[in-house]
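Here is what each chain is made of, one letter per residue.
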Amino acid sequence: MDKQDISFLEQLLFNTDKDYIISELTNTDNSLFLHYFAANYNWNSGFDVPRVILDNEACDLGTGLLMFHYADGYRRLENPDEVSSPSLEEWKDFLNKVYIKLINFNFTSQTISFDPELSKIQKYNLKKNNPDIPDILISRSRGEVVDIPKI
């Protein structure tokens, strides 16, 4: 991505008009732009915008994995019962949607790599408690490693 794209990404990240942000993310076909946006998104702002990224055809598997972990998907893997609280409904719905999309490899591209950077001990403990956890959720995804600009 060039400086103009990074500048637009920055402008979009700090924009307060959610409808505008959703419109721009819906209409982009740039998977790297979606990845950078998701990596710099303020996850305390809710799940409407991440849901739009996830639903975009250009969303890469690496971006899906990034969003799963940035939305604290580790907690879902560690203790699935924790996400059953009714006060966490929006979070639970998002995690379940991205989880299903990841385990079914329901992404048109797998060119951007993401590594959840779990230690061997963390992976071991997760597998010990739930041997059926798919490796895709706890391992580095295929694709090219990209340097994510911090905005």
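The preceding data block contains the structure.
To keep things clear, this report deals only with the structure shown in the data block. (Residues numbered from 1 in each chain as written. Predicted model: local features only at pLDDT ≥ 70, side-chain atom pairs only at ≥ 80, totals over all residues. Heavy atoms only, no water.)

### Observations concerning the overall build of the protein chain
In terms of helices and strands, the protein chain carries 8 helices and 0 strands. Helices (α) and strands (β) of the protein chain occur, in sequence order from the N terminus, as α-α-α-α-α-α-α-α. Rg of the C-alpha trace for the protein chain: 15 Å, near the compact-globule value of 15 Å for 151 residues, within the 12% margin. The principal-axis extent of the C-alpha atoms belonging to the protein chain is close to 45 × 35 × 25 Å. Considering the protein chain as a whole, with its 151 residues, one finds that 42% of them fall into the buried category. In the protein chain, the proportion of contacts linking residues at least 24 apart, taken out of those at least 6 apart, comes to 73%. Total accessible area on the protein chain stands at roughly 8,400 Å², and carbon and sulfur atoms take up 46% of it. Measuring between centres, the 15 positive side-chain charges of the protein chain sit 7 Å from its 24 negative side-chain charges. (Helix = DSSP H or I, 4+ residues; strand = E, 2+ residues; numbered from the N terminus. Rg over C-alpha atoms; globule rule 2.2 N^0.38 Å. Buried < 20%, exposed > 50% of the residue type's maximum accessible area, 1.4 Å probe, protein only. Contact = heavy atoms within 4.5 Å. Areas by Shrake-Rupley, 256 points an atom, 1.4 Å probe, with all protein chains shown as cover. Lys, Arg positive; Asp, Glu negative; His and termini not counted. Charge placed at Lys NZ, Arg CZ, Asp CG, Glu CD.)

### Describing the nonpolar core
Judged by nonpolar contacts, the single largest core of 44 residues is most densely connected at Leu25, Phe37, Ile53 and Met67. Put simply, the parts of the chain that give this core at least two residues each are helix 1 (3-13), helix 2 (18-27), helix 3 (31-40), helix 4 (48-55), helix 5 (61-70), helix 6 (73-78) and helix 7 (89-103). Among residues more than four places away in sequence, those in contact with Leu25 are Leu12, Phe33, Leu34, Phe37, Val49, Val52, Ile53 and Asn56. (Core = buried A, V, L, I, M, F, W, Y, C linked by side-chain atoms within 4.5 Å.)

### A word on the packing of helix 1 against helix 2
One way to put it is that helix 1 packs onto helix 2 with a least axis distance of 10 Å and a crossing angle of 145°. Taking contact as the criterion, the partners of Phe8, Gln11 and Leu12 in helix 1 are, on helix 2, Tyr20, Ile21, Glu24 and Leu25. (Axes fitted to C-alpha atoms, helices over the stretch in contact; angles between N-to-C directions.)

### Side note on helix 5
With 9 of 10 residues buried, helix 5 is to be regarded as a mostly interior element. Along helix 5, the residues classified as buried are Leu61, Gly62, Thr63, Gly64, Leu65, Leu66, Met67, Phe68 and His69. Its buried side turned inward, helix 5 meets helix 3, helix 4, helix 6 and helix 7. The opening residue of helix 5, the one whose side-chain oxygen lies 2.8 Å from the backbone nitrogen of Gly62, is Asp60. Immediately beyond the C-terminal end of helix 5, within one or two residues, lies Asp72, with a positive phi of roughly 70°. (Polar contact = N/O pair within 3.5 Å; in protein donor to acceptor, adjacent residues only side chain to side chain.)

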